[in-house]
Each structure stands twice: as structure tokens, then as C-alpha cells.
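In case you want the letters, here they are:
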Amino acid sequence: MKITSIIAIYGLFWVMAAFLVLPFGVRTHDELGQEKVLGQADSAPGNFDPRKIALRATILSAVLFAFFYANYFNGWITVADLDLTTYFSH
């Protein structure tokens, strides 16, 4: 696998992981006992920390990419394993 492919696939894993970890640990202003700004949505986060989200996404994407990379070389799950038409044709 080329380094450009590794970077691109890891980037996809990172974006997916960022969306997965985004809602964890976030609390609203009401839950934190903070005052809201006039016109602010009730669901707006009061403790949003992008550094924490980036760190969590980096760790999760590294683990997921490690499994992907190991599967790429060891061939645990191949395209033939994902072909469901062979199971329903009998």
C-alpha cells in the first residue's frame, strides 16, 4: 500500500471517528448551570473543547486504522467474504 493511500484512508477514518466522538462529554449550559446568551439555542454546548475531540478522534482512528491495515495484509475479511449473492443463490 502506498503512503498516499495510507494517508487518505487514515484521513477518512479520522473524520468518521471525529463525528463518532463529537457528542460524548458535551453538556448544555442548563446542565452546567451557566447563563445563556440571548437568542442561544437550548441545546448549544456549554463546554465544547475541540482539542479533546481531536485527541479522542486521533486515538480512535489510529485503533480502527490499525485493524484495517492488519486486515489488508492478513486477508481476514476479503471482498469475496462480503459478496452476499453467493449465499442467496443456492
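Everything below is about the structure shown above.
Residues numbered from 1 in each chain as written. Predicted model: local features only at pLDDT ≥ 70, side-chain atom pairs only at ≥ 80, totals over all residues. Heavy atoms only, no water.

Draft legend 1. Representation of the environment of Asp83. Relative to the elements of secondary structure, Asp83 occurs in the loop between helix H3 (50-74) and helix H4 (85-88). On the basis of relative accessible area, Asp83 is assigned to the partly exposed category, the value being 32%. The spacing of Asp83 and Leu22 is 61 residues in sequence and 33 Å in space, taken between C-alpha atoms. (Helix = DSSP H or I, 4+ residues; strand = E, 2+ residues; numbered from the N terminus. Buried < 20%, exposed > 50% of the residue type's maximum accessible area, 1.4 Å probe, protein only.)

Draft legend 2. Region of the structure containing the pattern of salt bridges. Within this structure, the stated rule accounts for three salt bridges. Note that Lys36 and Asp30 form a salt bridge whose closest N and O atoms lie 3.6 Å from each other. Relative accessible area serves as the criterion here: at 33%, Lys36 is assigned to the partly exposed category. Sharing partners across several salt bridges, the network here consists of Asp30, Lys36 and Asp42. (Salt bridge = Lys/Arg side-chain N within 4 Å of Asp/Glu carboxyl O.)

Draft legend 3. Representation of the packing of aromatic side chains in the model. Applying the stated rule across the entire model yields seven aromatic pairs. Taking 5.0 Å as the distance between ring centres and 75° as the angle between the ring planes, the aromatic pair formed by Tyr69 and Phe73 counts as edge-to-face. Taken together, the positions of Tyr69 and Phe73, both in helix H3 and four residues apart, correspond to about one turn of that helix. Judged by centre distance (5.2 Å) and plane angle (85°), the ring pair of Tyr72 and Phe73 falls under edge-to-face. Owing to a relative accessible area of 45%, Tyr72 belongs among the partly exposed residues under this scheme. Three or more aromatic residues link up through ring pairs in this structure, and these residues are Tyr10, Phe13, Phe65, Phe68, Tyr69, Tyr72 and Phe73. (Phe/Tyr/Trp six-rings, centres within 6.5 Å; stacked < 30°, edge-to-face > 60°.)

Draft legend 4. View of the side chain of His29. Within the secondary structure, His29 is located in helix H2 (residues 29-32). When its relative accessible area of 13% is taken as the criterion, His29 is described as buried. If we ignore the near neighbours within four places in the chain, the residues touching His29 are Gln34, Glu35, Lys36, Gln40, Ala44, Pro45 and Gly46. (Contact = heavy atoms within 4.5 Å.)

Draft legend 5. Up close: the environment of Ala57. Position of Ala57 relative to the elements: it lies in helix H3. A residue is classified by how much of its surface remains accessible, and Ala57, at 0% relative accessible area, is buried. If sequence neighbours within four positions are ignored, Ala57 has contacts with Trp14, Ala17, Ala18 and Val21.

Draft legend 6. Representation of H3 in the model. Taking 1.5 Å as the rise per residue, H3 with 25 residues should run 36 Å; its terminal C-alpha atoms sit 35 Å apart, in good agreement. For H3, the complete set of buried residues consists of Ile53, Ala57, Ser61, Phe65 and Asn71. Of the surrounding secondary structure, the elements contacted by the buried residues of H3 are helix H1 (3-21). (Expected span 1.5 Å × (residues − 1).)

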